[in-house]
Amino acid sequence: MKRIGVLALQGAVREHLQSIEACGAEGVLVKWPKDLETLDALILPGGESTAMRRLIDRYGMMQPLRDFAESGKPMFGTCAGLILLAKTVVGYEEPHLGVMDVAVERNSFGRQVDSFEAPLEIKGLDGAFDAVFIRAPHIVSAGPSAEVLCVHDGRIVMAKSGQFLGCSFHPELTEDHRITAYFLSMIPSRSGFPLPN
(Lines give C-alpha, C1' and ligand atoms only; values in the text may rest on other atoms or scores of the structure.)
Protein backbone atom coordinates (compact mmCIF):
# COMPACT_ATOMS: atom_id res chain seq x y z
CA MET A 1 0.00 0.00 0.00
CA LYS A 2 1.31 3.40 -0.97
CA ARG A 3 1.96 5.97 1.76
CA ILE A 4 0.74 9.48 0.96
CA GLY A 5 1.72 12.25 3.34
CA VAL A 6 -0.34 15.33 4.15
CA LEU A 7 1.57 18.30 5.56
CA ALA A 8 -0.24 18.67 8.86
CA LEU A 9 0.78 22.13 10.05
CA GLN A 10 -2.46 23.88 9.07
CA GLY A 11 -5.43 23.45 6.75
CA ALA A 12 -7.87 20.74 5.65
CA VAL A 13 -5.69 17.82 6.74
CA ARG A 14 -8.36 15.36 7.92
CA GLU A 15 -10.35 15.69 4.69
CA HIS A 16 -7.27 14.92 2.58
CA LEU A 17 -6.54 11.83 4.69
CA GLN A 18 -10.10 10.60 4.18
CA SER A 19 -9.84 11.10 0.42
CA ILE A 20 -6.49 9.27 0.27
CA GLU A 21 -7.93 6.33 2.19
CA ALA A 22 -11.05 6.30 -0.04
CA CYS A 23 -8.64 5.76 -2.95
CA GLY A 24 -7.04 2.72 -1.31
CA ALA A 25 -3.80 4.30 -0.05
CA GLU A 26 -2.48 5.03 3.44
CA GLY A 27 -2.67 8.66 4.59
CA VAL A 28 0.18 9.85 6.83
CA LEU A 29 0.31 13.03 8.93
CA VAL A 30 3.52 14.98 8.27
CA LYS A 31 4.63 17.32 11.06
CA TRP A 32 8.39 16.74 11.24
CA PRO A 33 11.15 16.14 8.66
CA LYS A 34 11.46 12.47 9.64
CA ASP A 35 7.82 11.94 8.62
CA LEU A 36 8.80 12.46 4.96
CA GLU A 37 11.24 9.55 4.87
CA THR A 38 8.89 6.68 3.99
CA LEU A 39 6.41 8.48 1.76
CA ASP A 40 5.60 7.82 -1.90
CA ALA A 41 3.98 11.22 -2.43
CA LEU A 42 2.99 14.35 -0.50
CA ILE A 43 0.00 16.70 -0.40
CA LEU A 44 0.35 20.34 0.69
CA PRO A 45 -3.19 21.26 1.79
CA GLY A 46 -5.12 24.50 1.65
CA GLY A 47 -4.98 26.92 4.54
CA GLU A 48 -3.34 30.34 4.74
CA SER A 49 -0.06 30.38 2.84
CA THR A 50 1.69 33.02 4.98
CA ALA A 51 0.80 31.20 8.22
CA MET A 52 1.81 27.87 6.68
CA ARG A 53 5.18 29.31 5.67
CA ARG A 54 5.80 30.54 9.23
CA LEU A 55 5.02 27.07 10.57
CA ILE A 56 7.19 25.40 7.92
CA ASP A 57 10.09 27.59 9.04
CA ARG A 58 9.37 27.07 12.75
CA TYR A 59 9.35 23.27 12.39
CA GLY A 60 12.45 23.19 10.18
CA MET A 61 10.53 21.76 7.23
CA MET A 62 11.61 24.01 4.32
CA GLN A 63 14.80 22.20 3.31
CA PRO A 64 13.31 18.72 3.87
CA LEU A 65 10.37 19.70 1.64
CA ARG A 66 12.79 20.95 -1.04
CA ASP A 67 14.74 17.69 -0.75
CA PHE A 68 11.50 15.73 -1.13
CA ALA A 69 10.70 17.72 -4.28
CA GLU A 70 14.18 17.03 -5.66
CA SER A 71 13.72 13.30 -5.02
CA GLY A 72 11.24 13.16 -7.92
CA LYS A 73 8.31 11.99 -5.80
CA PRO A 74 4.93 13.53 -6.66
CA MET A 75 3.66 16.57 -4.73
CA PHE A 76 0.16 18.03 -4.90
CA GLY A 77 -0.68 21.54 -3.68
CA THR A 78 -4.30 22.59 -3.16
CA CYS A 79 -5.15 26.30 -2.75
CA ALA A 80 -2.44 27.57 -0.35
CA GLY A 81 -0.42 24.45 -1.18
CA LEU A 82 -0.34 25.59 -4.81
CA ILE A 83 1.11 28.92 -3.65
CA LEU A 84 3.82 27.04 -1.72
CA LEU A 85 4.77 25.01 -4.82
CA ALA A 86 4.75 27.87 -7.36
CA LYS A 87 7.96 29.16 -8.91
CA THR A 88 6.57 32.71 -8.82
CA VAL A 89 4.06 34.39 -6.48
CA VAL A 90 2.75 37.72 -7.82
CA GLY A 91 3.69 40.59 -5.51
CA TYR A 92 6.44 38.66 -3.70
CA GLU A 93 10.15 38.81 -4.43
CA GLU A 94 10.83 35.21 -3.44
CA PRO A 95 8.73 32.04 -3.84
CA HIS A 96 8.26 29.52 -1.05
CA LEU A 97 9.36 26.12 -2.40
CA GLY A 98 9.51 27.45 -5.97
CA VAL A 99 9.45 24.03 -7.65
CA MET A 100 6.39 24.11 -9.93
CA ASP A 101 6.68 25.94 -13.25
CA VAL A 102 3.75 28.31 -12.69
CA ALA A 103 3.15 31.86 -11.47
CA VAL A 104 0.25 32.32 -9.04
CA GLU A 105 -1.69 35.23 -7.58
CA ARG A 106 -3.16 34.98 -4.08
CA ASN A 107 -6.85 35.56 -3.26
CA SER A 108 -7.73 35.97 -6.95
CA PHE A 109 -11.40 35.12 -6.47
CA GLY A 110 -11.98 37.43 -3.49
CA ARG A 111 -12.21 37.09 0.28
CA GLN A 112 -13.66 34.32 2.46
CA VAL A 113 -17.18 35.70 1.99
CA ASP A 114 -16.76 35.33 -1.78
CA SER A 115 -16.24 31.55 -1.57
CA PHE A 116 -18.19 29.57 -4.15
CA GLU A 117 -18.67 26.21 -5.84
CA ALA A 118 -18.44 25.62 -9.58
CA PRO A 119 -18.58 22.62 -11.94
CA LEU A 120 -15.24 22.24 -13.72
CA GLU A 121 -14.20 20.35 -16.83
CA ILE A 122 -10.78 18.89 -16.01
CA LYS A 123 -8.50 17.30 -18.57
CA GLY A 124 -8.20 13.57 -17.80
CA LEU A 125 -11.48 13.36 -15.88
CA ASP A 126 -14.80 12.29 -17.42
CA GLY A 127 -17.68 14.51 -16.36
CA ALA A 128 -17.76 17.72 -14.37
CA PHE A 129 -16.02 18.06 -11.00
CA ASP A 130 -17.89 20.22 -8.49
CA ALA A 131 -15.08 22.32 -7.01
CA VAL A 132 -15.04 24.42 -3.83
CA PHE A 133 -13.15 27.74 -4.03
CA ILE A 134 -12.24 29.47 -0.73
CA ARG A 135 -10.07 32.62 -0.94
CA ALA A 136 -8.60 30.86 -3.93
CA PRO A 137 -5.46 31.78 -5.85
CA HIS A 138 -5.21 31.27 -9.58
CA ILE A 139 -2.40 30.41 -11.95
CA VAL A 140 -1.48 33.59 -13.83
CA SER A 141 0.82 31.78 -16.24
CA ALA A 142 2.10 28.27 -16.85
CA GLY A 143 5.69 27.75 -17.95
CA PRO A 144 6.88 25.50 -20.77
CA SER A 145 7.08 22.42 -18.54
CA ALA A 146 3.52 22.89 -17.23
CA GLU A 147 0.32 21.45 -18.67
CA VAL A 148 -2.91 23.35 -18.05
CA LEU A 149 -5.60 20.93 -16.86
CA CYS A 150 -8.47 23.31 -16.13
CA VAL A 151 -9.57 26.90 -16.78
CA HIS A 152 -12.50 28.55 -14.98
CA ASP A 153 -13.86 31.98 -15.85
CA GLY A 154 -10.79 32.68 -17.99
CA ARG A 155 -8.33 31.77 -15.22
CA ILE A 156 -6.11 28.69 -14.93
CA VAL A 157 -7.17 26.79 -11.82
CA MET A 158 -5.33 23.46 -12.23
CA ALA A 159 -2.04 22.46 -13.81
CA LYS A 160 0.62 19.76 -13.78
CA SER A 161 4.37 20.32 -14.10
CA GLY A 162 6.52 17.19 -14.03
CA GLN A 163 5.76 15.42 -10.74
CA PHE A 164 3.96 18.50 -9.36
CA LEU A 165 0.18 18.93 -9.44
CA GLY A 166 -1.55 22.09 -8.27
CA CYS A 167 -5.09 23.44 -8.10
CA SER A 168 -6.75 26.61 -6.86
CA PHE A 169 -9.67 24.84 -5.21
CA HIS A 170 -10.29 22.27 -2.45
CA PRO A 171 -11.01 18.84 -3.98
CA GLU A 172 -10.86 17.27 -0.51
CA LEU A 173 -14.02 19.14 0.57
CA THR A 174 -16.21 17.06 -1.74
CA GLU A 175 -17.17 13.39 -1.81
CA ASP A 176 -15.65 13.13 -5.31
CA HIS A 177 -12.20 11.53 -4.99
CA ARG A 178 -11.23 11.56 -8.68
CA ILE A 179 -8.61 14.29 -8.32
CA THR A 180 -6.95 12.47 -5.42
CA ALA A 181 -7.00 9.32 -7.56
CA TYR A 182 -5.45 11.29 -10.43
CA PHE A 183 -2.66 12.41 -8.10
CA LEU A 184 -2.08 8.84 -6.92
CA SER A 185 -1.79 7.79 -10.56
CA MET A 186 1.27 10.06 -10.82
CA ILE A 187 3.21 7.72 -8.52
CA PRO A 188 5.44 5.47 -10.67
CA SER A 189 3.52 2.64 -12.30
CA ARG A 190 4.59 -0.07 -9.86
CA SER A 191 2.01 1.51 -7.55
CA GLY A 192 -0.88 -0.08 -9.41
CA PHE A 193 -3.15 2.97 -9.17
CA PRO A 194 -5.21 3.29 -12.38
CA LEU A 195 -5.92 6.64 -13.99
CA PRO A 196 -9.38 7.81 -12.93
CA ASN A 197 -12.24 7.87 -15.44
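Residues numbered from 1 in each chain as written. Predicted model: local features only at pLDDT ≥ 70, side-chain atom pairs only at ≥ 80, totals over all residues. Heavy atoms only, no water.

- As annotated in an unreviewed UniProt entry, the chain is Pyridoxal 5'-phosphate synthase subunit PdxT from Planococcus wigleyi.
- Taken verbatim from the UniProt record of the chain, the Sequence similarities (unreviewed entry) comment is "Belongs to the glutaminase PdxT/SNO family."
- According to the UniProt record, the Subunit (unreviewed entry) comment for the chain reads "In the presence of PdxS, forms a dodecamer of heterodimers. Only shows activity in the heterodimer." (UniProt positions renumbered as here; feature names shortened; annotations may be inferred.)

1. Focus: the pairing of strand β3 (residues 41–44)
- Burial along β3 is two-sided: the residues A41 and I43 and L42 and L44 are all buried.
- Pairing of strand β1 (residues 3–7) with β3 involves three bridges; the strand directions are parallel. Note on β3: the bridge partner recorded for G5 is L42. (Buried < 20%, exposed > 50% of the residue type's maximum accessible area, 1.4 Å probe, protein only. Helix = DSSP H or I, 4+ residues; strand = E, 2+ residues; numbered from the N terminus. Pairing = 2+ DSSP bridges.)

2. Points about the UniProt feature "active site" (unreviewed entry) in the chain
- When the UniProt feature table is mapped to this numbering, "active site" (unreviewed entry) covers C79, H170 and E172. In sequence the annotated residues extend across 94 residues, while in space they remain close, none of their C-alpha pairs exceeding 10.9 Å.
- Take C79: it is sitting in the loop between β4 (75–78) and α4 (80–85).
- C79 has contacts with G46, I134, R135, A136, P137, C167, S168, F169 and H170, leaving out every residue within four places of it along the chain.
- Relative to the helices and strands, H170 is located in the loop between β12 (164–167) and α5 (178–184).
- Setting aside its immediate chain neighbours within four residues, H170 contacts G46, C79, V132 and I134. (Contact = heavy atoms within 4.5 Å.)

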